Amino acid sequence: MLECMSGRIDAFHLMKFSRLASLFACPLFVAVTLCLVNCGGNDPAPEENREVAPAPAPQPKPEPVVTDWTDVKLHASIRKVNPNYSGNGMFAIDPEGQPRQIVLADCGIESLAWIKGMPMLQIIDLQKNPLSDISPLAGLKGLQNLYLESTAVTDISALGGMSLDELYLTATPLKDLSPLKTMKVNKLNLVNTPVTDLTPLAGVPIQSLWLTDTPVKDISGLEKVQGLVSLTLHRTQVEDLTPLTSGLYPQGLRLHIGGTPATDVSPLAKVPLSRLVFSPEKITKGMDVIRQLPIREIGTEFEDGKNNLLPASAFWPKYDAEKAAPAVPAEPKKAAIPAPASAPAAE
């Protein structure tokens, strides 16, 4: 009996011990786990090895926008970003200190970063300058006339949405006319540019368009130009004049096709011409049509220093007379008389 009681007592102590052990085992496991986590590789780096982010550089304060311009201030602002500025700029400034006209032709202008605070600027002449970036002109809503002839401008996207009276891009390397889709330009001068694609001009209000000495061949992009009054295709590669028959010309059309390879002028029967400059010697079809049109002025030359425009009533009799007159043979060139041999020097 005593042995049985002793066995029960030992079993009781064993159960008690196992319960106590289980109570201590759980916190011990947690403690060990926390220790392993805290001792792992995710400890923050020691202070001396921790990388410190550099403090942001202080931003320069924006220069105050000048609102009371003077000639002196304009010259100084231009020269600040244009070290080769000649100083020959001319300005028209209103009584409120706002520039209205700026003329900087051939003045060594390379940057327009100085154009700030000029909401009333109407005319700016930048021709003959080593200028390529005109982005500072964006937002000049009062601008009316812009002259960029003989510059290095290839991108006119800064002018998008503007309404200009005159835009002169003569002798620039500009090819892309797509920014003009959102513009209104009364007079557009593209003389001596590499432009070939006129399709961006469809629907653009343009009154006068000069394309002299461009490689343009296709003028179908002009079919939907609004309000065209004057079109100069002088010395282009245009042969087909048919696209002109689709245009609307409420004021008539002044057309210059002199020096082009066009030989058929019969499509012009459907164009209300007010003036025609052409090369009669090249025409093989449609001359009879031209004779019947009520054109006010006709000629074969119309450019600087050369103008032989005449009323139709005077042009055709003169043309017929010159055509019927016998050709005057050119005088033969006289043989050059050899110079006499120089006499030998006296001994």
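The following refers to the structure shown. What you see is a predicted model; the values in this text were computed from it and never measured.

With that settled, the discussion passes to the side chain of Asn-145. Residue position: Asn-145 is located in strand β4 (residues 145-147). A relative accessible area of 10% places Asn-145 in the buried class. One polar contact links Asn-145 to Tyr-147, side chain to side chain, over a distance of 3.1 Å. Dropping the residues within four chain positions of it, Asn-145 is found in contact with Gln-122, Ile-123, Ile-124, Asp-165 and Glu-166.

Looking now at the environment of Leu-112. The residue Leu-112 is located in the loop between β2 (99-103) and β3 (123-125) in this model. Residues Leu-112 and Leu-131, 19 residues apart in the sequence, show an inter-C-alpha distance of 8.5 Å. Beyond its immediate chain neighbours, meaning those up to four positions away, Leu-112 contacts Leu-126, Leu-131, Asp-133, Ile-134, Pro-136 and Leu-137.

So, about the sheet that holds strand β9 (residues 253-256). Taken in spatial order, the 12 strands line up as β1-β2-β3-β4-β5-β6-β7-β8-β9-β10-β11-β14 in an open sheet, and their pairing is mixed. Each edge of the open sheet is held by one strand with a lone partner, namely β1 (90-93) and β14 (310-311). Relative to strand β7 (residues 208-210), strand β6 (residues 184-189) runs parallel, the two sharing three bridges. The residue of β7 that forms the bridge with Leu-188 is Leu-209. In the packing of helix α2 (residues 71-81) onto the sheet, the strands contacted are β1 and β2, and the crossing angle to β1 comes to about 130°.

In terms of burial, strand β10 (residues 273-277) is largely enclosed, as five of its five residues are buried. When β9 meets β10, the two strands line up parallel, connected through four bridges. By the bridge assignment, Leu-255 is partnered in β10 with Leu-276. In the sheet, β10 pairs with strand β11 (residues 297-299) via three bridges, with the strands oriented parallel. In the sheet register, Arg-275 faces β11, and the bridge partner there is Glu-297. Crossover handedness for the path β10 to helix α3 (residues 287-292) to β11: right-handed.

To continue, consider the layout of surface pockets. It is a probe the size of a water molecule, rolled over the atoms, that shows where empty space is left. Of the volumes computed, that of the largest pocket is approximately 360 Å³. Lining the largest pocket we find Asn-189, Val-191, Trp-210, Thr-212, Asp-213, Thr-232, His-234, Arg-235, His-256, Phe-302, Glu-303 and Asp-304. Residue composition of the lining of the largest pocket, grouped by class: three nonpolar, five polar and four charged.

What follows deals with helix α4 (residues 312-324). Taking 1.5 Å as the rise per residue, α4 with 13 residues should run 18 Å; its terminal C-alpha atoms sit 18 Å apart, in good agreement. Taken as a whole, α4 has its buried residues at Ala-312, Phe-315, Trp-316 and Tyr-319. Looking straight down α4, one finds that the buried residues subtend no more than 90° of arc, so they occupy a single side. Relative to its buried face, α4 has exposed residues pointing more than 90 degrees away, namely Ser-313 and Ala-324. Where the residues of α4 are buried, they touch α3, β11 and β14.

Within this structure, the stated rule accounts for eight salt bridges. The partner of Asp-94 in a salt bridge is Arg-100, with the nearest N and O atoms 3.0 Å apart. Between Asp-320 and Arg-291 there is a salt bridge whose closest N-O contact spans 2.5 Å. Of this pair, Asp-320 sits in helix α4 while Arg-291 is found in helix α3, placing the two residues 29 residues apart along the sequence. Residue class for Asp-320 comes out partly exposed when judged on its relative accessible area of 32%. Among the ionic contacts, a cluster of salt bridges with common partners joins Asp-213, Arg-235 and Glu-303.

As for its placement among the helices and strands, Lys-141 is situated in the loop between β3 and β4. The sequence separation of Lys-141 and Leu-164 amounts to 23 residues, and the corresponding C-alpha distance is 9.5 Å.

Scoring rules and cut-offs
Residues numbered from 1 in each chain as written. Predicted model: local features only at pLDDT ≥ 70, side-chain atom pairs only at ≥ 80, totals over all residues. Heavy atoms only, no water. Helix = DSSP H or I, 4+ residues; strand = E, 2+ residues; numbered from the N terminus. Buried < 20%, exposed > 50% of the residue type's maximum accessible area, 1.4 Å probe, protein only. Polar contact = N/O pair within 3.5 Å; in protein donor to acceptor, adjacent residues only side chain to side chain. Contact = heavy atoms within 4.5 Å. Pairing = 2+ DSSP bridges. Axes fitted to C-alpha atoms, helices over the stretch in contact; angles between N-to-C directions. Right-handed = clockwise from strand over helix to strand, strands pointing away. 1 Å grid on protein atoms, 1.4 Å probe; cavity = no way out; pocket = protein on both sides within 12 Å on 5 of 7 lines; lining within 4 Å. Points joined across faces, edges and corners; volume = space filled by probe spheres on them. Nonpolar A, V, L, I, M, F, W, Y, C, P; charged D, E, K, R; others polar. Expected span 1.5 Å × (residues − 1). Arc of directions from axis to C-beta. Salt bridge = Lys/Arg side-chain N within 4 Å of Asp/Glu carboxyl O.

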